[in-house]
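Understanding the architecture of this molecule
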Amino acid sequence: MKLQRNGRSKALAIGAMALVSSLSLAACGSDENNTNASGGSGGSASAPAINCGTKPAALISAGSTAQGNAIDVWKNNFGGACSGSSINYGGGGSGAGVQQFNQGKIQFAGSDSPLKPAEVEDSKKVCTGGQGINLPLVAGLISIVYNVDGVDNLVLDGPTIAKIFDSQITKWNDPAIATLNPGAKLPDADIQAVHRTDDSGTNENLTKYFAKVSNGAWSYPAAKAWAGKGGQGANGSAGVAAQVKQVKNSISYAELSYAQSNNLKSAAIATGASKPVEATAANAATTFAKAKIAGTGSDLALTLDYGTKDEGSYPIVLVTYEIVCDKGNKAETLDTLKAFLGYAASDAGQKAVGDTGYVALPKELTDKVNAVIPTLA
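What this report covers is the structure whose coordinates are included nearby. (Residues numbered from 1 in each chain as written. Predicted model: local features only at pLDDT ≥ 70, side-chain atom pairs only at ≥ 80, totals over all residues. Heavy atoms only, no water.)

For the pair helix α11 (residues 331-345) and helix α12 (residues 347-354), the least separation of the axes is 4 Å and the interaxial angle reads 60 degrees. Considered as vectors, α11 and α12 are oriented oblique to each other. Across from Y343, A344 and A345 in α11, the residues of α12 making contact are D347, A348, G349, Q350 and A352. The class makeup of the residues in the contact of α11 with α12 is five nonpolar, two polar and one charged. (Axes fitted to C-alpha atoms, helices over the stretch in contact; angles between N-to-C directions. Helix = DSSP H or I, 4+ residues; strand = E, 2+ residues; numbered from the N terminus. Parallel < 35°, antiparallel > 145°, perpendicular 65-115°, else oblique. Contact = heavy atoms within 4.5 Å. Nonpolar A, V, L, I, M, F, W, Y, C, P; charged D, E, K, R; others polar.)

Here it is, written out as structure tokens:
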């Protein structure tokens, strides 16, 4: 079975735009602060306009490193178009972002998993008269990235991946891996598994996938904190990607954007479909098109199908939520917060990050996000 090489992922990521519906444009209207800016790099007279709002401000935010590359694109485009406004995003992981948000230190947090009930209760202390809500704005997939000489088209399945990251499979030529890769020249070498050491929504999404498909091989609860045995640790998505790039016979997990920017190979996943599913934005878009809203009211938390067996549907996906107060936002930054979120949810904003390895959200979902943003108070 011959799979396409990971080097084509960037082209497929762009092609994913054709597989999902056009996104609604949140950034419309005009005022004296509006500036034309493209969803890519730089503006032109024909480019979509970014609505900057009327009260320029500096936003402070932190959280998910999975969306770090997306935030970089958005903040550069938004800051370049909107004089006097800026976005400072500190990263640090989803857990740290939620903690800082509930301490009132930041205007919004990025988290790869929705707020838990206890976290919603805590948010009411800083969201005066309201609470924290989840707005999905960054969609992506978790690539199983690896660095093994001579192995370009690796195939893995859920139980095998879980066993690798729990030190139950420790050799690259283990029969479980060999069975999935007939004809591949797998080395008789120790597997160097690398995991996230920070509390991470990426950890939680990966372990939710394990809980669904590992047939009991992963015995720990899905969580932001890593629980698997053995392996090496690194901080953040950039940290694990850099580790795999440097260490021979290594394997880890990172968002497609980080796999692409580090020229890392990604494993295809055997899901039970007729052929293994490659880690491409197009295949992740197929999964996101079937996501269901689990939140109520203005909360748009999603339910994702990690156990999908649909043809061309990549199972290890994640959504990063921007966590904001539905009521009780700081008056001095609210206008800029709404403008920035509106740009991120717009056609231009979603296309800009889709071109860098993320997945444009379906129109049905961005319509809902765009309906909530103006109601923030």
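This is not the end of the story, as more comes after the structure.
Let's shift gears to the state of the cysteines. The bond known as a disulfide is covalent and runs between the sulfur atoms of two cysteines. Tallying each qualifying case throughout the model produces two disulfides. The side chain of C52 participates in a disulfide bridge whose partner is C82; the two sulfur atoms lie 2.1 Å from each other. As the torsion about the S-S bond is roughly -75 degrees, the C52-C82 disulfide counts as left-handed. With C52 in the loop between β2 (49-50) and β3 (58-63) and C82 in the loop between α2 (68-81) and β4 (86-92), this residue pair connects regions lying 30 residues apart in the sequence. (Disulfide = S-S within 2.5 Å.)

Here we come to the pairing of strand β8 (residues 192-196). For a regular strand, the rule is simple: side chains alternate between the two faces of the sheet. Most of β8 is tucked away: four of the five residues are buried. Examined bridge by bridge, β8 and strand β10 (residues 250-255) share two bridges and lie parallel to one another. Bridging from a neighbouring strand, Q192 pairs with S250 of β10. Bridge count for β8 against strand β9 (residues 232-234) is three bridges, and the pairing is parallel. Residue pairing across strands places V194 opposite Q232, the latter belonging to β9. Once you follow β8 into helix α7 (residues 201-213) and on to β9, the crossover reads as right-handed. (Buried < 20%, exposed > 50% of the residue type's maximum accessible area, 1.4 Å probe, protein only. Pairing = 2+ DSSP bridges. Right-handed = clockwise from strand over helix to strand, strands pointing away.)

Quick look at the packing of aromatic side chains now. Applying the stated criterion across every chain, the model contains ten aromatic pairs. Consider the rings of F165 and Y253, whose centres lie 5.5 Å apart with planes at 80 degrees: the pair is edge-to-face. Here Y253 lies in strand β10 and F165 lies in helix α5 (residues 158-165), a separation of 88 residues in the sequence. For the pair F210 and W218, a centre-to-centre distance of 4.9 Å together with 45 degrees between the ring planes defines the contact as tilted. Given a relative accessible area of 0%, F210 falls into the buried group. With relative accessibility at 5%, the residue W218 sits in the buried group. (Phe/Tyr/Trp six-rings, centres within 6.5 Å; stacked < 30°, edge-to-face > 60°.)

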